[in-house]
Each structure stands twice: as structure tokens, then as C-alpha cells.
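A structural walkthrough
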Amino acid sequence: MTIAHEEAVIDSAAVDAIFAQARTANSFTGEVTEEQAQAIYELTKFGPTAFNSQPLRVTYVRSAEARATLVDALSRGNQAKTASAPLVAILSYDTDWAGKWDNFLPGYNAPKAMYDADPALAAATGNNNAHLQAGYFILAVRSLGFAAGPMTGADFAAIDAAFFPACDQKSFLVVNIGLPGEEAWGEAKPKFSYGEAVRTV
């Protein structure tokens, strides 16, 4: 039992499943149903983002043709586990997220002008907040009892060309999802302690 377990408002089993005992899996088995895939997003969307912007977009890759295209764009070490994962998600951000302002923040559009005037700021904000949502996505996967295998070893330009030819999304992460398979875990890696990573000013 750690201080995290003692202070959490969720039970110890949930703390372990989502945080303390959760690991990045390298092999997968089982099935992820459409209902479970929907539930992952339904949990993800509730995490906070700037101005409630929610720029994350999720592309679930299920067909054999799409899976083969994706696998070809991954680094060699990521290909086999992605080819066999029950479900794979491409996480991207909506390049026109600010254009949906009235959908996510109706009645208060004054801040939109600064994004309209500065495309680089708009892109950075979309990218940063989608990365924030990616963290929620991984925790949502774990909360449903699955393991997540997030990967950045990929040719994201090739993924964008294949999956988002209209240039309306930019990918940044691929996540394998499923039950942990045989020899899913490597050796546990050290984590920085509170004293090493945190300071109070």
C-alpha cells in the first residue's frame, strides 16, 4: 500500500489497474468489441482541454487492408505486435479544431480570434491538447481492463498520407489495445521518485 492508494477516492484495485500496476504491453490477445471501443472514447472525452476544445480524433483500424497499410508505416520493432493486436487506434488532432468553436464552446467565441490570426498557435494548441487527451485515452483503455501499447515509432507523414489525405488531421500516436498476451511485459523500468521529480516553491 502506498500513499497514492491511501489518499485515492477510488479503490486500491482501480489504482493498481489504471496506474500502479499498469504496464505497456508488447503482445496482445482477446477481443475488443465495438461497444468497448466506444466506451474508451466516451471516457476519454470527459478529460479537460483548453476551452473544452477536444481536438483529439481517434481512428480505429480493424480491416485487414487498413491494418497492413498501418503496419508498413511503423518501425520494424512495432510491426508484429501491431499486426496481431485485437484493436489498434491512430490518434491524431483535428487541424481545423478551432473551426468547430461553436460546437465545443457555444456562446463564448471571443478567444477564437487569436487562433484565426495565428495558424501556428492554432496548430500548437491542437497538438498539445490532443496529446493531453491521449493520456486520458490510455487511462480509459486501462479502466476497461485492457492493456495499452502506445507507440511513436512510426512514419507519421506516411500514416497521414494514407489515412488523412485531406490533411484535416495530423497523427502523432499509435496505440495497440487488448488483453495482455504471452510474455507481454518486459522488465519493469524505474520511475522517478517524488523527491526527484517534484519541488514546491
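Residues numbered from 1 in each chain as written. Predicted model: local features only at pLDDT ≥ 70, side-chain atom pairs only at ≥ 80, totals over all residues. Heavy atoms only, no water.

Examining the nonpolar core
Grouped together as the largest cluster of nonpolar side chains are 20 residues, with contacts concentrated most on Leu-91, Phe-137, Val-141, Phe-172, Val-175 and Ile-177. Listed by contribution, the elements that provide at least two residues to this core are helix H3 (34-44), strand S3 (87-94), helix H8 (119-143) and strand S5 (169-180). In terms of residue count, H8 provides more of this core than any other element does, six residues in total. Not counting chain neighbours up to four residues away, the residues in contact with Phe-137 comprise Ile-40, Thr-44, Val-58, Tyr-60, Ala-89, Leu-91, Val-175 and Ile-177. Counting residues in hydrophobic clusters, the runner-up holds 16 residues, among them Val-88, Phe-156, Ile-159 and Phe-164. (Core = buried A, V, L, I, M, F, W, Y, C linked by side-chain atoms within 4.5 Å. Buried < 20%, exposed > 50% of the residue type's maximum accessible area, 1.4 Å probe, protein only. Helix = DSSP H or I, 4+ residues; strand = E, 2+ residues; numbered from the N terminus. Contact = heavy atoms within 4.5 Å.)

Some thoughts on the pattern of salt bridges
Going through the model one piece at a time under the given rule, you end up with six salt bridges. A salt bridge links Arg-62 to Glu-34, with the nearest nitrogen and oxygen atoms 4.0 Å apart. Of the two residues, Arg-62 sits in the loop between strand S2 (56-61) and helix H4 (64-72) while Glu-34 sits in helix H3, which places them 28 residues apart along the sequence. Using a relative accessible area of 40% as the deciding quantity, one classes Arg-62 as partly exposed. Exposure remark for Glu-34: the relative accessible area of 43% places this residue in the partly exposed category. (Salt bridge = Lys/Arg side-chain N within 4 Å of Asp/Glu carboxyl O.)

Focus: the packing of H4 against helix H9 (residues 156-163)
Two elements in contact, H4 and H9, have axes whose closest approach is 9 Å; the angle formed by their N-to-C orientations is 155°. Accordingly, the angle class assigned to the pair H4 and H9 is roughly antiparallel. With respect to the hand of their crossing, H4 and H9 are arranged in right-handed fashion. Along the contact surface, H4 presents Ala-66, Thr-69 and Leu-70, while H9 presents Ile-159, Ala-162 and Phe-163. (Axes fitted to C-alpha atoms, helices over the stretch in contact; angles between N-to-C directions. Parallel < 35°, antiparallel > 145°, perpendicular 65-115°, else oblique. Left-handed = near helix turned anticlockwise from the far one by under 90°.)

Brief notes about the packing of aromatic side chains
Applying the stated rule across the entire model yields eight aromatic pairs. Here Trp-97 and Trp-101 contribute two aromatic rings whose centre-to-centre distance is 6.2 Å and whose plane-to-plane angle is 35°, an arrangement assigned as tilted. By relative accessible area, Trp-97 is classed as buried at 2%. On the accessibility criterion, Trp-101 (1% relative accessible area) is buried. On the basis of an interplanar angle of 55° and a centroid distance of 5.1 Å, the ring pair of Trp-101 and Phe-104 is categorised as tilted. Of this pair, Trp-101 and Phe-104 both sit in helix H6 (residues 101-104), three residues apart, which is roughly one turn of the helix. One aromatic cluster in this structure is built from Phe-51, Trp-97, Trp-101, Phe-104 and Tyr-115. (Phe/Tyr/Trp six-rings, centres within 6.5 Å; stacked < 30°, edge-to-face > 60°.)

A short note on the UniProt feature "domain: Nitroreductase" (unreviewed entry) in the chain
Mapped onto this numbering, the UniProt entry gives "domain: Nitroreductase" (unreviewed entry) at residues 32-163. The annotated region residues 32-163 carries 55% helix and 14% strand content, and the separation between its end C-alpha atoms amounts to 22 Å. (UniProt positions renumbered as here; feature names shortened; annotations may be inferred.)

Considerations on unusual backbone geometry
In this structure, Gln-54 is a non-glycine residue whose phi angle is positive, near 50°. Structurally, Gln-54 can be placed in the loop between H3 and S2. With a phi angle near 60°, Cys-167 is a residue other than glycine that sits in the positive phi range. Tracing the backbone shows Cys-167 in the loop between H9 and S5.

Topic: the pairing of S3
Burial within S3 is extensive, with eight of its eight residues counted as buried. Both S2 and S3 contribute to a ladder of six bridges, which runs antiparallel. Pairing of Leu-56 across the sheet is with Tyr-93, part of S3. Two strands pair when backbone bridges link them, and S3 and S5 are joined in this way by eight bridges, in the antiparallel orientation. In the sheet register, Leu-87 faces S5, and the bridge partner there is Ile-177. (Pairing = 2+ DSSP bridges.)

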